[in-house]
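# Working through the structure, step by step
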Amino acid sequence: MRTLIFVMIAALAVGCGRQAVRASEKQFLADQVMVFDDDPHESSSNEHMRTNREGAAGGKGAGGGGCGCN
Amino acid sequence: MTSSLVALAVVAAVPSIASADDRTEVSTVLFVEQREGGKGGLVVVHPQASFGIDLGRFVTFDLAYAADVVSGATATVYQVDAISTATKFDDFRNEATMSLGFQGRRSRITFSGTFGTERDYLSRQLGGTASIDLPGRNTTVGVAYTHGFDQVCNKDNGMATPLESKALVGDDQCEKPGIVAGKDTAGVTKWEGLSIDTAQVTITQNLSPTMNLQFALFGQIQEGFQSNPYRRVRIGPNSPQEHIPDTRNRWSFSARLNRYLPKLKAAVHFDARFYNDSWEIYSGNVELAYSQYLGKSLLLRIHSRVYQQTAAKFFKDAFFYETESTAGEYFTGDRELAPVRNVAFGGKLAIISIGGEKPVWGLFDKLQLLAKGEIMLFDALPADADNPMGTDKQFIYGSSFIDAVSIQLGLLGNY
């Protein structure tokens, strides 16, 4: 558990303050195929179907991402 | 059906960090699971509709509705008794969600409420999500929390011990005066409480102009009645209601990666997840997908997924319950708590229309017609070593190659 938290904090620290991608370079990141859970209906239906036969529902992640423009 | 609503409550418990776009979507999923002749099956029609709009510059409002129309049959699966008659059932559930969001230049916070109802279950949830883009706008941190205060209709077993408790049956009345709360019917049914607290932290990171990554850490505490009130477990000569612990603590960690391939106008997607809970279920899944643009208006995605889990610590094979009689403090025949492996393959086609100066259908900036199909293969794994009558030998999945199929059709519009 502590290792996982460390990994997440490290990932965050790597991202903070670093110009990994400039705004002018986000053309591909803004494409719909690069957005996590771009189709919320599909995501919820998938989880709904799986939770009736798998004991590990939930916690897949959150939608968004891509261009990083909240 | 109760278990499916618990499941949906779990799914809905951490709402997605919503897109800033105004969007509306309608879709329907048809799910068909076929089991070996005479041992039941399941058909679910799952329509959804959602609508989101900006109220001025800083406020968003979202409404969503989902339903389940379920019909099927559940077999008594203990082949020891050679009971193969399936019990038919059908159910109809409704769920509505309302969200209010506030967005700034780099941050967003959303509050939501969800209410779901069906014959034997009431789901009520309040929650919120918040996300912020860190300086550089390459890192997004999101947090989410929900509290569910659900109610499950159970048989009124009075002071009976677990081994004496009877299961709920379809004819038992589950009263819901005023819809939002259940009312006990003395000597017949009793509404049990179930509290679900869920929290999630996500970090989404742009790694390069063509690659992004997301980590998610999920935790959940479930406290209250979690058995399926209808499910019976044969223990020696008796068939008491399933009895499982009231407390379940769950957590998972997942990582997802997208990589765009500009020369191919395509993208590859990778998803991996590890899960564990206080019932000692360990599971993992890996998913791979590939998206390919075909011309300007077609997008094809193919995907595959493998999932495997261990059994809950109190899960015993039906053969064990039947022959050993002493089941222990808890007993269940729930396949979600059994050792299983699932494999799925599927494809999705999106027909995309982008409006230029003239909106599509006079309204949408972008409109997508979506069609998706998936096949699923289920494999029950041995719960006990060297058991010739083990769950893997007798369980419900048939001898056919494909165990279930789902088809989804949808229309998604951004305006």
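Conventions used here
Residues numbered from 1 in each chain as written. Chains lettered and ligands numbered in written order. Predicted model: local features only at pLDDT ≥ 70, side-chain atom pairs only at ≥ 80, totals over all residues. Helix = DSSP H or I, 4+ residues; strand = E, 2+ residues; numbered from the N terminus. Buried ≥ 20, exposed ≤ 12 C-beta atoms within 10 Å, placed from the backbone. Contact = placed C-beta atoms within 7 Å. Pairing = 2+ DSSP bridges. Core = buried A, V, L, I, M, F, W, Y, C linked by C-beta atoms within 7 Å. pLDDT = per-residue confidence, 0-100.

### Details of the overall build of chain A
Secondary structure assignment for chain A yields two helices and zero strands. The 70 residues of chain A split such that 56% are buried.

### Overview of the overall build of chain B
Secondary structure summary: chain B contains three helices and 16 strands in total. Relative to its full complement of 415 residues, chain B shows a buried share of 40%. Long-range contacts, defined here as pairs at least 24 residues apart, represent 62% of the contacts in chain B between residues at least 6 apart.

### Observations concerning the pairing of strand β12 (residues 282-294) of chain B
Residues and elements named next belong to chain B. Here eleven bridges tie strand β11 (residues 266-277) to β12, and the two strands are oriented antiparallel to one another. Looking across to β12, one finds that Ala272 is bridged to Val286. Connecting the antiparallel pair β11 and β12 is a turn made up of four residues, with Glu280 showing a positive phi of about 65 degrees. Bridge analysis of β12 against strand β13 (residues 298-309) gives twelve bridges, and the strand direction is antiparallel. Among the inter-strand pairings, Glu287 is bridged to a residue of β13, identified as Arg305.

### Points about the pairing of strand β14 (residues 340-354) of chain B
All names here are of chain B. Pairing of β13 with β14, which is carried by twelve bridges, proceeds in the antiparallel orientation. Bridge pairing in β14 links Val306 to Val343. Pairing analysis gives 15 bridges linking β14 to strand β15 (residues 366-380), with the strands arranged antiparallel. Looking at β15, one finds that Asn342 is bridged to Phe378.

### A closer look at unusual backbone geometry
Trans peptide bonds make up the majority, and among non-glycine residues the majority have a negative phi. Its identity as a non-glycine residue notwithstanding, Asp37 of chain A has a phi of 55 degrees, on the positive side. Of note in this structure, Trp361 of chain B is not a glycine but carries a positive phi near 55 degrees. Within the secondary structure layout, Trp361 of chain B lies in the loop between β14 and β15. Trp361 of chain B gets classed as exposed once you count the C-beta atoms within 10 Å, which come to 11.

### Describing the environment of Leu29 of chain A
Position of Leu29 of chain A relative to the elements: it lies in the loop between α1 (2-15) and α2 (40-50). According to the C-beta neighbour criterion, Leu29 of chain A is buried, with 24 such atoms within 10 Å.

### Let's talk about the nonpolar core
All names here are of chain B. Core analysis: the largest hydrophobic core is formed by 21 residues, its most contacted members being Phe31, Ile281, Ala311, Ala312, Phe315, Leu337 and Ala338. Taken together, the elements giving at least two residues each to this core come down to β1 (23-34), β14 and β15. Counting eleven residues, the second largest nonpolar core, distinct from the first, contains Tyr121, Val152, Cys153 and Leu168.

### Details of the confidence of the model for chain B
All names here are of chain B. Residues with a pLDDT of 70 or more make up 85% of chain B, whose mean pLDDT is 85. Note that residues 1-20 has pLDDT below 50 and, in this model, 76 contacts with residues that lie over four places away or in other chains. This model gives residues 77-85 a pLDDT under 50, and the stretch forms 18 contacts once residues within four places in sequence are excluded.

### Here's the deal with the environment of Arg23 of chain B
Mapped onto the secondary structure, Arg23 of chain B falls in strand β1. C-alpha of Arg23 of chain B to C-alpha of Phe364 of chain B: the two residues are 341 residues apart in sequence and 8.9 Å apart in space.

### A word on the environment of Ile281 of chain B
Inspection of the secondary structure puts Ile281 of chain B in the loop between β11 and β12. By the C-beta count within 10 Å, which is 23 here, Ile281 of chain B ends up buried. Once the C-alpha coordinates of Ile281 of chain B and Glu336 of chain B are considered, the two residues, 55 residues apart in sequence, prove to be 9.9 Å apart. Excluding residues within four positions of it along the chain, Ile281 of chain B makes contact with Gly55 and Ala56 of chain A together with Gln309, Thr310, Ala312 and Leu337 of chain B.

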